[in-house]
Amino acid sequence: MSEIKVNAIKKRNGSSITIGESGDTITITGGAALSGSGASLTALNGSNVASGTVANARLVGSGAITINGSAVSLGGSVTIGETKPTVTGVTPSTIPNTATNVVIAGTNFVSVPQVEAISSTGAITAANTVTFTSATSITANFTLPVDGTYFIRVENNDGNAVRSGAILTVSDAPTWTTGAGSLGTIAGNFSGTVATVAATGDSTLAFSETTNVLTNASQANCSLNSATGVITTTDFGGSSTSATTYNFTLRVTDAEGQTADRAFSLTSSFALEDSGRFDGD
Amino acid sequence: MSTYLTADRFGTPTNAKKYTLAVWFKLARNTNNYILSYNYGSGNIGIAISVRSSDQTLRVNEYVPGSDRYDVRTNRVFRDYGAWYHLVVAYDSAQSTAADRVKIYINGVQETSFAASSYPSQDLDSFTSATPNNNKGFLIGALYNSSGNIDAGNYFTGYMSQFIFVDGTTYTPSTFGSTNANGVWIPNASPSVTYGTNGFKLEMKNSGASAAAGNFGADTSGNNNHFTSNNLGTNPNTKDSPTNVFATWNPNTAFRSTSFNGTAGGSIAGGGLKAIGGGGAVSIGFASTIAVNSGKWYAEFKAAATNYTQFGVGDVNTWTNTYGIGGASKAQIYGANVIGWDRTIYYINSTSSTSGGTTFSDGDICQIAIDADSRKVWFGVNGTYNSSGNPAGGSNEIGTVTGTGPLVFLCRPESTNVLANFGNSPFTIASGNADANGYGSFEYAVPSGFYALCTKNLGQYGG
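Keep in mind that what you see is a predicted model, and the values were worked out from it rather than measured.

Conventions adopted
- Position numbers for residues start from 1 in each chain and track the written sequence from start to end.
- Chain letters start at A and ligand numbers start at 1, both assigned in the order the entries are written.
- Restriction of local features to residues with pLDDT of at least 70 applies here, the model being predicted, together with a cutoff of 80 or more for giving and counting side-chain atom pairs; totals for whole chains, interfaces and linings are based on all residues.
- The side-chain figures draw on all heavy atoms in the structure; neither hydrogens nor water molecules are used.
- By definition, any uninterrupted DSSP run of H or I lasting at least four residues is a helix, any uninterrupted run of E lasting at least two residues is a strand, and each is numbered from the N terminus.
- Each radius of gyration is computed over the set of C-alpha atoms, and the globule rule expresses the reference value as 2.2 Å times the number of residues to the power 0.38.
- Only protein chains enter the accessibility calculation, which uses a 1.4 Å probe; a residue whose area is less than 20% of its type maximum is buried, one above 50% is exposed, and one in between is partly exposed.
- Contacts are assigned to residue pairs that have any heavy atoms within 4.5 Å of one another.
- The accessible surface values rely on the Shrake-Rupley method and a 1.4 Å probe; as for residues, cover is taken only from the protein chains in view.
- In this tally, Asp and Glu contribute negative charge and Lys and Arg positive charge; neither His nor the terminal groups of the chain are included.
- Note that the charge is assigned to NZ on lysines, CZ on arginines, CG on aspartates and CD on glutamates.
- When DSSP finds two or more bridges between two strands, those strands count as paired.
- Throughout, the edges of the domains are those of an automatic or database domain assignment.
- Buried area is a sum: the accessible area each of two parts loses on coming together, probed at 1.4 Å, counted once for each and added.
- Think of a salt bridge as a Lys or Arg side-chain nitrogen and an Asp or Glu carboxyl oxygen that are within 4 Å of each other.
- Counted as a polar contact is a pair of N or O atoms within 3.5 Å, where, for protein atoms, one must be capable of donating a hydrogen and the other of accepting one, and residues adjacent in sequence contribute only when both atoms are in side chains.
- All amino acids are sorted into three groups, where Ala, Val, Leu, Ile, Met, Phe, Trp, Tyr, Cys and Pro are nonpolar, Asp, Glu, Lys and Arg are charged, and the leftover types, Gly among them, are polar.
- Between N-to-C directions, angles cover 0 to 180 degrees, with each direction set by a line fitted to C-alpha atoms, over the stretch in contact for helices.
- Here the term cavity refers to a set of points on a 1 Å grid, laid over the protein atoms alone, in which a 1.4 Å probe fits but cannot get out; the term pocket refers to an open set having protein on both sides within 12 Å along at least five of seven lines, with lining residues being those that place an atom within 4 Å of a point.
- Grid points are joined across faces, edges and corners, and a volume is the space filled by probe spheres set on the points.
- Stacked, tilted and edge-to-face are the three classes assigned to paired rings of Phe, Tyr and Trp, where Trp is represented by its six-membered ring and a pair needs centres within 6.5 Å; plane angles under 30 degrees give stacked, over 60 edge-to-face, the rest tilted.
- Note on criteria: charge over ring means Lys NZ or Arg CZ within 6 Å of the ring centre, with the direction from the centre no more than 35 degrees off the ring normal.

### Some remarks on the overall build of chain B
No. 1: Each helix and strand counted, chain B has 2 helices and 35 strands in total.
No. 2: Against the 2.2 N^0.38 benchmark of 23 Å for 463 residues, chain B shows a C-alpha radius of gyration of 23 Å, consistent with a compact globule.
No. 3: Principal-axis analysis of the C-alpha atoms gives chain B an extent of 70 × 40 × 40 Å.
No. 4: Classification of the 463 residues of chain B by burial places 57% in the buried group.
No. 5: Restricting to contacts in chain B with at least 6 residues of sequence separation, those with at least 24 account for 65%.
No. 6: Working note: accessible area of chain B is about 15600 Å², and carbon and sulfur atoms make up 43% of it.
No. 7: Each charge class in chain B was averaged separately, 27 positive and 27 negative side chains, and the resulting centres sit 2 Å apart.

Okay, structure coming up:
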């Protein structure tokens, strides 16, 4: 192998210098640099550089890399730009089996996403309707005949989707079985059980008063058993001495926090219990 | 002593052409029973609303000396001594029709049949327009005579409740009561009316005599038109009311009197709880106003002096038909279907017995317990039943009343008085034992399962 040592190779005429022929391998000794300042190197690219690296800077221009619209330098890194929605909560968190609007809070909602409720068994129920409010709020209307807990899946039109945890509960709301209105007329100062209210539901029920009349000592002066709905008193009407109608609202709440309110009344009566004896001796 | 209430007129009437009187009353005997009167002093105007002894009719009569201003008297008679009556008198002299100027309602129904019907002239001012003599205006339970004094012998014997007088407005009965599901006229405990200057509402609670709030004659209308109470008896406030009627002695079944009117052979006073003996062989006997077919019943009795005073229990049919009005001249609680107790002797269905009994003396409180289902009778003295009787246990009774009719409590006061406590004691008691339903006030504990003889208990236990 012959060896020619020169300090420079310059063209004789024209504007290009050709080294080797097609199929040849031109080796630049390690540690040496191939400088092109002021000159152009053609046909040098990743496919015909057999070994070693080509400096990134040498690729600027015709070698630019763009991913999802973002320029990426060779050897650098980039986060792939998928914009997925998120779900942070639903309101209400418990709904009945009938068609009910559920407001879904989250981020990155794009009008108008598809929304589904997925039961613990995997059954999927699409929302009846979806209303886009903002990127952070959409409203889905669900009819979910089967009680249980549900995941919420939101899929934007670009395919980005999210599935929440089991954040939606479907449960029957409690229902009053005691009709609204008067629970009766009770003798003033009566002591004992006044009335019993009742309701049905699919979980443990608790009774309470939303007004401040029934259990107000200055008014009806009764006690309401939250578990049984039994209304008792030790002195119906308290210090009142005249017939009075007490109007109040009771609430029944189930274990899922669902409520039902109903208006009732109790009326006190004061029988004519005294007389004067005229001896007439 | 007879109880009555007095008060002066309270001021110039709101409208003397209109007034309303509404009162519940229960009579205890047939005598002149004056519900309301007004001073009939010299030259003045008086009024008397009363049930007359002569024919038991009710009369509304306003007058000046020598003549009537109006006089309306019912054909209806009032001689049920076990019932409360509700009376409304509505006076409105402005009415163009004379008969509309004085309306009388009994138990919510307007009276239309009258034995007398003289009506006031149109626009006649009523008695409230008259300034009373000597500051004597309203009088409840008695009558002012022509001298302006309480007329001896003309009182009221029985009970009154919710005594309302309205000055200047007329009201119909629906203001004061209503008809319940059983068709019974019942009181409205809190009627809403405009009382006017001379209006008042007396509930007759408590026992204080002075004209002051909280006393027997207290006006609770808001006007503070209080009355002074005179001759109040022991425990004048009672729970014998239109909504719970207690037993009293019944003049209609008094023993040995074909024309009992309160004077022959004895009498009744103390609101029907005091049986007064006529003395000796002519002394009459009395039965309770309530008879019982079933249930267990308790009462207490007190005799001022003993002699031949008797207590007992009997078959009401036998009592009424054989010993009572028009019956045989039996002088004692002794005979068929009757168990009597004559201090030391028991008379058990015509058979006398001297065994066992604790005698009762002056001041003792005697007890009688009746099991109307088994017809067993127990007698006791001061809390101890004779012959080791045990009413609650149903054992050691004095006897069993024969016959099949309802049972009544009986007494024959002989020459003394017998006070009966059927739940509203006319004599002083140191304690106040109610029955298990909270009714009655007795000196001694009511035996378990036994109850005071009143209509609320009858409704529960069938009577």
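From this point, the narrative continues.
### Description of the pairing of strand E8 (residues 129-134) of chain A
In the case of a regular strand, side chains alternate between the two sheet surfaces.
Residues and elements named next belong to chain A.
No. 1: Bridge count for E8 against strand E9 (residues 137-142) is 5 bridges, and the pairing is antiparallel. Considered in E9, the bridge of valine 130 is made with alanine 140.
No. 2: Linking E8 to E9, which pair antiparallel, is a turn of 2 residues.

### Some words on the domain arrangement of chain B
All names here are of chain B.
No. 1: Taken as a whole, chain B is organised into domain 1 (4-230) and domain 2 (249-461).
No. 2: Here domain 1 and domain 2 have C-alpha centroids that lie 35 Å from each other.
No. 3: The interface of domain 1 with domain 2 comprises 9 residues on the first partner and 13 residues on the second.
No. 4: Buried surface at the junction of domain 1 and domain 2, both sides included, amounts to about 740 Å², of which 52% is carbon and sulfur.
No. 5: When the buried area of domain 1 at its contact with domain 2 is split by residue, Arg29, Tyr81 and Tyr159 rank highest and sum to 54% of it.
No. 6: Scanning the region where domain 1 abuts domain 2 turns up 0 salt bridges.
No. 7: At the boundary of domain 1 with domain 2, the tally comes to 3 residue pairs in polar contact (both at pLDDT 80 or more).
No. 8: In terms of residue class, the side of domain 1 that touches domain 2 is made up of 3 nonpolar, 4 polar and 2 charged.

### Comments concerning the sheet that holds strand E19 (residues 245-253) of chain A
Residues and elements named next belong to chain A.
No. 1: Overall, mixed pairing links the 4 strands, which are arranged E13-E20-E19-E16 in an open sheet. Two strands in the sheet have a free side with no partner beyond their single neighbour: strand E13 (181-187) and strand E16 (206-209). On average, each strand axis in the sheet is inclined to that of its neighbour by 30°, with strand direction left out of account.
No. 2: Summarising the sheet, E13 and strand E20 (residues 259-269) pair through 5 bridges and their orientation is parallel. Pairing of glycine 181 across the sheet is with phenylalanine 264, part of E20.

### Here's the deal with the sheet that holds strand E18 (residues 230-233) of chain A
Sheet strands associate in pairs through backbone hydrogen bonding, adopting either a parallel or an antiparallel arrangement.
All names here are of chain A.
No. 1: If you walk across this open sheet you meet the 3 strands as E14-E18-E17, and the pairing is antiparallel. The open sheet has two edge strands with one neighbour each: strand E14 (192-196) and strand E17 (223-224).
No. 2: Bridge analysis of E17 against E18 gives 2 bridges, and the strand direction is antiparallel. Pairing of leucine 224 across the sheet is with isoleucine 231, part of E18.

### Let's talk about the interface of chain A and chain B
No. 1: Between chain A and chain B, the residue contacts involve 15 residues of the former and 43 residues of the latter.
No. 2: Here chain A and chain B share an interface that buries about 2100 Å² over both sides, 47% of which is from carbon and sulfur atoms.
No. 3: Of the charged contacts in the structure, one is a salt bridge between aspartate 274 of chain A and lysine 239 of chain B, with a shortest N-O distance of 2.8 Å.
No. 4: Taken together, the connections running from chain A to chain B amount to 15 residue pairs in polar contact (both at pLDDT 80 or more).
No. 5: Per-class residue counts for the side of chain A that touches chain B are 5 nonpolar, 5 polar and 5 charged.
No. 6: Both strand E21 (residues 275-278) of chain A and strand E19 (residues 237-238) of chain B contribute to a ladder of 2 bridges, which runs antiparallel. From the neighbouring strand, glycine 276 of chain A faces E19 of chain B, where its bridge partner is asparagine 237 of chain B.

### Examining the pattern of salt bridges
All names here are of chain B.
No. 1: Taken as a whole and judged by the stated rule, the model has 15 salt bridges over all chains.
No. 2: Two residues, arginine 375 and aspartate 315, come together in a salt bridge whose shortest N-O distance is 3.3 Å. On the criterion of sequence distance, the pair formed by arginine 375 in the loop between strand E29 (365-371) and strand E30 (376-381) and aspartate 315 in strand E25 (residues 310-315) is long-range, its members being 60 residues apart. Here arginine 375 matches aspartate 315 in class, with each residue buried.
No. 3: We note a salt bridge from glutamate 397 to lysine 376, for which the minimum N-O separation is 3.9 Å. Here glutamate 397 is found in the loop between strand E31 (384-385) and strand E32 (399-400), whereas its partner lysine 376 is found in strand E30, with 21 residues between them in sequence.
No. 4: By relative accessible area, lysine 376 is classed as partly exposed at 21%.

### Quick look at empty space enclosed by the protein
It is the rolling of a water-molecule-sized probe over the atoms that shows where space remains empty.
Residue and element names in this part refer to chain B.
No. 1: Counting across every chain of the model gives 1 cavity of 30 Å³ or more.
No. 2: Approximately 30 Å³ is the volume attributed to the largest cavity.
No. 3: In terms of lining residues, the largest cavity is bounded by Tyr159, Asp240, Phe246, Ala247, Thr248, Leu273, Phe422 and Asn424.
No. 4: Here the residues of the lining of the largest cavity sort into 5 nonpolar, 2 polar and 1 charged.

### What about the side chain of aspartate 274 of chain A?
No. 1: Mapped onto the elements, aspartate 274 of chain A comes out in the loop between E20 and E21.
No. 2: On the basis of relative accessibility, which here comes to 10%, the residue aspartate 274 of chain A falls in the buried class.
No. 3: Polar contacts involving the side chain of aspartate 274 of chain A include one to the side chain of asparagine 237 of chain B, which spans 2.9 Å.
No. 4: Excluding residues within four positions of it along the chain, aspartate 274 of chain A makes contact with Ser161, Glu203, Lys205, Asn237, Thr238, Lys239 and Ser241 of chain B.

### With respect to the environment of arginine 52 of chain B
All names here are of chain B.
No. 1: You can see arginine 52 is positioned in the loop between strand E4 (46-51) and strand E5 (57-64).
No. 2: As for arginine 52 and asparagine 33, which are separated by 19 residues in sequence, their C-alpha atoms are 6.4 Å apart.
No. 3: Residues contacting arginine 52, with those up to four places away along its chain left out, are Asn30, Thr31, Asn32, Thr57, Arg59 and Arg73.

### Some details on the environment of tyrosine 70 of chain B
Residues and elements named next belong to chain B.
No. 1: Mapped onto the elements, tyrosine 70 comes out in strand E6 (residues 67-77).
No. 2: Look at tyrosine 70 and you get buried, because its relative accessible area is 0%.
No. 3: In this structure, the C-alpha to C-alpha distance between tyrosine 70 and serine 121, residues 51 residues apart in sequence, is 8.4 Å.
No. 4: A polar side-chain atom of tyrosine 70 sits 2.8 Å from a polar atom in the side chain of tyrosine 19.
No. 5: A polar contact of 2.6 Å, which involves the side chain of tyrosine 70, links it to the side chain of glutamate 62.

### Let's talk about the side chain of aspartate 371 of chain B
Residue and element names in this part refer to chain B.
No. 1: Along the chain, aspartate 371 turns up in strand E29.
No. 2: Buried and unpaired, aspartate 371 has lysine 296 as its nearest opposite-charge partner, separated by 4.3 Å.
No. 3: In this structure the side chain of aspartate 371 is engaged in a polar contact, spanning 3.1 Å, whose partner is the side chain of serine 374.

### Digging into the domain arrangement of chain A
No. 1: By the assigned domains, chain A splits into domain 1 (87-170) and domain 2 (175-269).
No. 2: Relative placement of domain 1 of chain A and domain 2 of chain A: their C-alpha centres are 38 Å apart.

### Comments concerning the packing of aromatic side chains
No. 1: Inspection of every chain in the model, using the stated rule, returns 45 aromatic pairs over all chains.
No. 2: Between the aromatic rings of tryptophan 176 of chain A and phenylalanine 207 of chain A, the centroid separation amounts to 5.6 Å while the plane-to-plane angle is 50°, which identifies the pairing as tilted. Of this pair, tryptophan 176 of chain A sits in strand E12 (residues 175-176) while phenylalanine 207 of chain A is found in strand E16, placing the two residues 31 residues apart along the sequence. Each of the two residues, tryptophan 176 of chain A as well as phenylalanine 207 of chain A, counts as buried.
No. 3: Seen from their ring centres, tyrosine 346 of chain B and phenylalanine 379 of chain B are 5.9 Å apart, and the 40° between their planes marks the pair as tilted. Taken together, the positions of tyrosine 346 of chain B in strand E27 (residues 345-348) and phenylalanine 379 of chain B in strand E30 put the pair 33 residues apart, joining distant regions of the chain.
No. 4: Taking the relative accessible area as the measure of exposure, tyrosine 346 of chain B reaches 3% and is therefore buried.
No. 5: Taken together through their ring pairs, the aromatic side chains of Phe10, Tyr19, Tyr38, Tyr70, Tyr91, Phe127, Phe138, Phe163, Phe165, Phe200 and Phe227 of chain B make up a single cluster.
No. 6: The ring of phenylalanine 151 of chain A is capped by arginine 163 of chain A, whose NZ or CZ atom sits 4.2 Å from the centre of that ring.

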